[in-house]
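# Residue-level structural notes
The primary structure of each chain is shown beneath.
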Amino acid sequence: MSFPVFLWTAACSLRISYICTKNIDLKDERTLDVIHVKSMQAVRVDDAGRLDVKHVPRPEPKDGQLLIRVAATALNRADLLQKRGVYPPPPGESEILGLEASGVIADIGPEVKGNWMLGSKVMALLGGGGYAEYVAVPEELIMPVPSHLDLHQAAALPEAWLTAYQLLHFIAKVKPNETVLIHAGASGVGTAAIQLVRLCRAIPVVTTGSPEKLKFAEQIGAAVGINYKEEDFSEKVLQFTEGKGADVILDCIGGSFWEKNICSLAMDGRWVLYGALGGKTADGDLFGKLLRKRGHLLCSLLRNRSLQYKAELVRSFTEQVLPHFQSTDPPLRPVIDSMFNMEDVEMAHQHMEANKNIGKIIIKIGTS
């Protein structure tokens with residue numbers, strides 16, 4: 001009886017597999033990289049609401065996308081909300097946490113138009129997916145890393161600095177010599193906003209909740225720092241501006257600050273709301289008081305913006321701001337509070353929830 005063809009084929013396949021693998025050292029990380037080339041490690045939220053590192057499928061770059069091998073990501077308040085299930089990613093975005101990342105280009109997808117090179121150091125604005133070893137990103141949302149910054153420092157830039165730049169220039173349209181009141185002045189967005197306000201020759205005034213944070217905010221350029229836990233910040237703003245008030249307010253607090261914000265606001269001022277850490281409701285005569293100031297209440301989020309909007313924001317920031325991380329004296333700089341390894345991401349979240357950080361909290365994903 002003849003040997004069945006399908007059994008002969010299977011036997012040959014097994015023989016070839018044996019020949020190809022018998023000398024492979026499975027303890028060699030380079031070998032494992034080849035074997036597991038289509039998988040990666042990523043931080044996922046478990047059923048108990050805690051963060052854990054698991055193996056998941058590696059993304060493939062689609063049309064117009066680059067694949068980044070991630071060196072680091074950074075925490076944002078949105079990550080804490082998404083972890084609790086109250087801020088899901090926009091449709092089509094990765095469910096993995098992480099709104100920014102830095103790393104090197106690992107693959108180039110079809111229809112990419114830019115002159116990108118494999119291995120180039122880049123940083124990117126994300127809709128999700130930063131807490132992972134790889135992330136696929138539209139090329140329009142990717143920026144080169146300034147030459148004097150390492151990849152851990154670069155991870156602190158995209159979300160915080162693009163948010164601050166958007167609020168100041170796309171939304172509030174800040175002008176030279178205007179006074180800008182920045183709440184949470186020691187946060188990632190706050191420390192970026194202080195430097196960007198100085199860059200456009202306006203005047204930053206900040207609120208924070210501790211003497212240490214006030215001191216740091218003043219060191220990086222705040223004209224005045226106010227401890228909102230100990231002082232009425234509206235009185236201090238009016239005192240500093242000789243009764244005029246702030247031309248622009250960058251507000252991530254919302255409800256608990258609304259009345260003092262209106263008191264602080266100059267006539268025809270722009271109050272930019274981009275968060276509600278202090279509550280989403282306001283009791284009292286909000287509209288009447290705002291109307292009497294002829295105030296502009298402007299609300300903005302970045303994550304759910306269109307690709308076209310984000311692409312224009314990244315292009316403008318790359319042209320107008322990124323060179324100043326090298327050329328300005330002193331140069332702009334990302335403020336980093338602390339760094340955690342990927343497996344310690346739960347501790348990093350607890351650090352942010354405790355409001356202990358000054359600047360950005362970095363999660364190291366790979367090697368820079």
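Just so it is clear, the model here is predicted, and its values are computed rather than measured.

## Considerations on the overall build of the chain
Tallying secondary structure elements over the chain gives 13 helices and 15 strands in all. Burial statistics for the chain: of 368 residues in total, 49% are counted as buried. Pairs at least 24 apart in sequence give 67% of the contacts found in the chain among residues at least 6 apart. Roughly 18,400 Å² of accessible area belongs to the chain as shown, and the carbon and sulfur atoms make up 54% of that amount.

## Points about the nonpolar core
With 102 residues, the main nonpolar core has Trp 161, Val 180, Leu 250 and Phe 317 as its most contacted residues. Considering every element that reaches this core, the biggest residue donor is helix 5 (residues 158-171), with eight residues. The residues contacting Val 180, other than those within four sequence positions of it, are Leu 168, Val 174, Val 197, Ala 202, Ile 203, Pro 204, Val 205, Val 248 and Leu 250. Within the second largest apolar cluster, five residues are counted, among which are Ala 74, Ala 155, Ala 156 and Ile 362.

## Thoughts on the confidence of the model for the chain
Overall, the predicted model of the chain reaches an average pLDDT of 89, with 89% of residues at or above 70. Contacts from residues 1-36, a stretch scored under 50 in pLDDT, to residues over four places away or in other chains number five contacts.

## Description of the pattern of salt bridges
Under the criterion given, the structure shown has 13 salt bridges. Glu 259 serves as the salt-bridge partner of Lys 289, at 2.3 Å between the closest nitrogen and oxygen. Highlighted residues: Lys 289 in helix 10 (residues 286-292) and Glu 259 in helix 9 (residues 258-264), separated in sequence by 30 residues. Judged by its relative accessible area of 26%, Lys 289 falls in the partly exposed class. Residue classification places Glu 259 among the partly exposed positions, given a relative accessible area of 37%. Where salt bridges share partners, they join Lys 38, Arg 58 and Glu 60 into one cluster.

## Description of the environment of Pro 211
Within the element layout of this structure, Pro 211 appears in helix 7 (residues 211-219). The spatial distance from the C-alpha of Pro 211 to the C-alpha of Ile 226 is 9.0 Å, given a sequence separation of 15 residues.

## Re the environment of Asn 76
Along the chain, the position of Asn 76 falls in the loop between strand 3 (65-74) and helix 3 (77-83). The buried category is assigned to Asn 76, whose relative accessible area is 9%. Counting along the chain gives 84 residues from Asn 76 to Ala 160, while the straight-line C-alpha distance between them is 8.2 Å. Not counting residues up to four positions away in its chain, the partners in contact with Asn 76 are Leu 99, Glu 100, Glu 159, Met 352 and Lys 360. A polar contact is formed between the side chain of Asn 76 and the backbone oxygen of Ala 74, at a distance of 3.5 Å.

Conventions we followed
- Residues numbered from 1 in each chain as written.
- Predicted model: local features only at pLDDT ≥ 70, side-chain atom pairs only at ≥ 80, totals over all residues.
- Heavy atoms only, no water.
- Helix = DSSP H or I, 4+ residues; strand = E, 2+ residues; numbered from the N terminus.
- Buried < 20%, exposed > 50% of the residue type's maximum accessible area, 1.4 Å probe, protein only.
- Contact = heavy atoms within 4.5 Å.
- Areas by Shrake-Rupley, 256 points an atom, 1.4 Å probe, with all protein chains shown as cover.
- Core = buried A, V, L, I, M, F, W, Y, C linked by side-chain atoms within 4.5 Å.
- pLDDT = per-residue confidence, 0-100.
- Salt bridge = Lys/Arg side-chain N within 4 Å of Asp/Glu carboxyl O.
- Polar contact = N/O pair within 3.5 Å; in protein donor to acceptor, adjacent residues only side chain to side chain.

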